[in-house]
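# Examining the three-dimensional arrangement
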2 protein chains.
Amino acid sequence: MVLMRRELGDVLREERRAQKRSLRDVSASAAVSLGYLSEIERGEKEASSELLGAICEALGLPLSALLRELSTRVAVAEGFASPVVLPVSSLGDVSASAA
Amino acid sequence: MVLMRRELGDVLREERRAQKRSLRDVSASAAVSLGYLSEIERGEKEASSELLGAICEALGLPLSALLRELSTRVAVAEGFASPVVLPVSSLGDVSASAA
């Protein structure tokens, strides 16, 4: 089973590094402890919706953009070449091929 | 702040209803209590990554498809006409217009 928090942690860490910001900086902006943010980035802790929103704000990142990137990564992890689009009741018609 | 669990609950409930399935049916398949699933659908409880995966499996829904739909809805809630795509370091260039 693909675990959302692992992929989410990867996206958050890569985005922070792309901005050349430290855990200390982002954790202070998001009002979360450095250790907790680090655990979230490693996929070891679930972030509540409020905390996720605060981290997105600290990164200047719309939650929708984060979720879209997450969707793309999870699709790869699930073996789809590209994200599956709802409605899923016709999943058999989806042309995504296994990676 | 847009809360992910609220939008997530809406997507899960609508998908379950589109499949004409009851809370009882899906909660049994996902091995979660009916009351807890109902709270998740109402956006009152956070679902762990494991539980979210189990609910997706019960609905026959790839997690990536759920996240993509979620991204689209959150984009609307955030006032973007369409989802913002990463990289976000160039957010100023994003042509999404406020709703």
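Residues numbered from 1 in each chain as written. Chains lettered and ligands numbered in written order. Predicted model: local features only at pLDDT ≥ 70, side-chain atom pairs only at ≥ 80, totals over all residues.

In the nomenclature of an unreviewed UniProt entry, chain A is known as Helix-turn-helix transcriptional regulator of Candidatus Phosphoribacter hodrii.

All right, on to the UniProt feature "domain: HTH cro/C1-type" (unreviewed entry) in chain A then. UniProt records the feature "domain: HTH cro/C1-type" (unreviewed entry) for residues 12-66 of chain A in the present numbering. Across residues 12-66 of chain A, helical content stands at 69% and strand content at 0%; the span's end C-alpha atoms are separated by 8 Å. (UniProt positions renumbered as here; feature names shortened; annotations may be inferred. Helix = DSSP H or I, 4+ residues; strand = E, 2+ residues; numbered from the N terminus.)

The subject of this paragraph is the relation of the copies chain B and chain A. Mapping chain B onto chain A calls for a rotation angle of 180° and an axial translation of 0.0 Å; the resulting RMSD is 0.0 Å. As the rotation angle and translation indicate, the two copies are arranged about a two-fold axis. (Least-squares fit on C-alpha atoms with pLDDT ≥ 70 in both.)

Another aspect to go through is the interface of chain B and chain A. Facing 36 residues of chain B, the contacting portion of chain A comprises 37 residues. Those elements that place two or more of their residues in the side of chain B that touches chain A are α1 (4-18), α4 (49-59) and α5 (63-77) of chain B. Ranked by residue count, the leading element in the side of chain B that touches chain A is α5 of chain B, at 10 residues. Taken together, the residues that form the side of chain B that touches chain A break down as 22 nonpolar, eight polar and six charged. (Contact = placed C-beta atoms within 7 Å. Nonpolar A, V, L, I, M, F, W, Y, C, P; charged D, E, K, R; others polar.)

Attention now goes to the environment of Ala81 of chain B. Note that Ala81 of chain B resides in the segment after α5. Separated by 17 residues in the primary sequence, Ala81 of chain B and Ser64 of chain B have C-alpha atoms spaced 21 Å apart.

This part covers the packing of helix α2 (residues 23-30) of chain A against helix α4 (residues 49-59) of chain A. Each pair of packed helices can be described by the angle between their axes along with the distance between the axes. All names here are of chain A. Two numbers describe how α2 lies on α4: the axes approach to 8 Å, and their chain directions differ by 120°. Overall, the two elements α2 and α4 adopt an arrangement that is oblique. Helix-helix and strand crossings are classified by hand; for α2 and α4 the assignment is right-handed. When α2 is examined against α4, the residues Val26, Ser29 and Ala30 are found in contact with a partner set consisting of Ala54, Ile55, Ala58 and Leu59. Class assignment for the residues of the contact of α2 with α4 results in six nonpolar, one polar and no charged. (Axes fitted to C-alpha atoms, helices over the stretch in contact; angles between N-to-C directions. Parallel < 35°, antiparallel > 145°, perpendicular 65-115°, else oblique. Left-handed = near helix turned anticlockwise from the far one by under 90°.)

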